[in-house]
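# Survey of secondary and tertiary structure
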Amino acid sequence: MTLDQISKLLTSRRKQLQMEQKDMYMRIGMKQQQYQRIEAGSDIKLSTLLRVLDGLNMELTITPKEGNIEQPNLEVASSDKSIESLEDDSDDLGYWFGSEDQK
């Protein structure tokens, strides 16, 4: 997506919400002139874009261009595992706590 496409998307969304550029000041504290530059296609920092998206009730989604790239597994480990599976292996305790040195 290009900067021009992003600026058109932001403009369209703002109009869909029946807002004017000056209304962004009340939403995210951004002056009309600054917001006007964004809709004109100015290059902006990611943090600024995220702030604008929040003000327009939007969110950023990042996806690979190629459809065949496997997505990384970002799931959090399940908390239903038993405590036994989380305990240290007793065979390794001697190695880590020095009993190997006493032989």
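What counts and what doesn't
Residues numbered from 1 in each chain as written. Predicted model: local features only at pLDDT ≥ 70, side-chain atom pairs only at ≥ 80, totals over all residues. Heavy atoms only, no water. Helix = DSSP H or I, 4+ residues; strand = E, 2+ residues; numbered from the N terminus. Buried < 20%, exposed > 50% of the residue type's maximum accessible area, 1.4 Å probe, protein only. Arc of directions from axis to C-beta. Contact = heavy atoms within 4.5 Å. 1 Å grid on protein atoms, 1.4 Å probe; cavity = no way out; pocket = protein on both sides within 12 Å on 5 of 7 lines; lining within 4 Å. Points joined across faces, edges and corners; volume = space filled by probe spheres on them. Nonpolar A, V, L, I, M, F, W, Y, C, P; charged D, E, K, R; others polar. Core = buried A, V, L, I, M, F, W, Y, C linked by side-chain atoms within 4.5 Å. Expected span 1.5 Å × (residues − 1).

The helix and strand inventory of the protein chain stands at five helices and zero strands. Seen in sequence order, the protein chain has helices and strands lined up from the N terminus as α-α-α-α-α. Residues classed as buried in the protein chain amount to 19% of the 103 residues present.

On to helix α3 (residues 32–39), then. Structurally, the α-helix is built with 3.6 residues per turn, so residues lying three or four positions apart point the same way. Three or more residues of α3 are buried, namely Y35, I38 and E39. The arc that holds every buried residue of α3, seen down its axis, measures 95 degrees, which confines them to one face. Of the surrounding elements, those touching the buried residues of α3 are α1 (3–16), α2 (24–28) and α4 (46–55). Where α3 terminates, the next one or two residues include G41, which has phi positive at roughly 100 degrees.

Further remarks concern the layout of surface pockets. For the largest pocket, the calculated volume is near 300 Å³. Among the elements of the structure, α1 and α4 are those that each provide at least two residues to the lining of the largest pocket. Element by element, the count of residues in the lining of the largest pocket is highest for α1, at three residues. Looking at the lining of the largest pocket, its residues break down into nine nonpolar, two polar and one charged.

The next point concerns the nonpolar core. The biggest cluster of nonpolar side chains holds eleven residues, and these are L10, M19, M24, I28, M30, Y35, I38, L49, V52, L53 and L56. Residue assignment for this core shows that the elements contributing at least two residues are α2, α3 and α4. Looking at this core, the element that brings in the most residues is α4, giving three residues. With near-sequence residues (within four places) excluded, I38 lies in contact with S7, L10, M30, I44, T48 and V52.

Although it is not a glycine, Q18 adopts a positive phi angle of roughly 60 degrees. The class of Q18 is exposed, set by a relative accessible area of 73%.

Next up on the list: α1. Relative to the 20 Å expected for 14 residues at 1.5 Å per residue, α1 spans 20 Å between its end C-alpha atoms, a close match to the ideal helical length. Along α1, the positions that sit buried rather than exposed are S7, L10, T11, R13 and R14. Looking straight down α1, one finds that the buried residues subtend no more than 165 degrees of arc, so they occupy a single side. Set apart from the buried face of α1 by more than 90 degrees, the exposed residues are K8, K15 and Q16. One or two steps after α1, the chain reaches Q18, where phi turns positive at roughly 60 degrees.

Taken by themselves, the reported measurements are silent on function.
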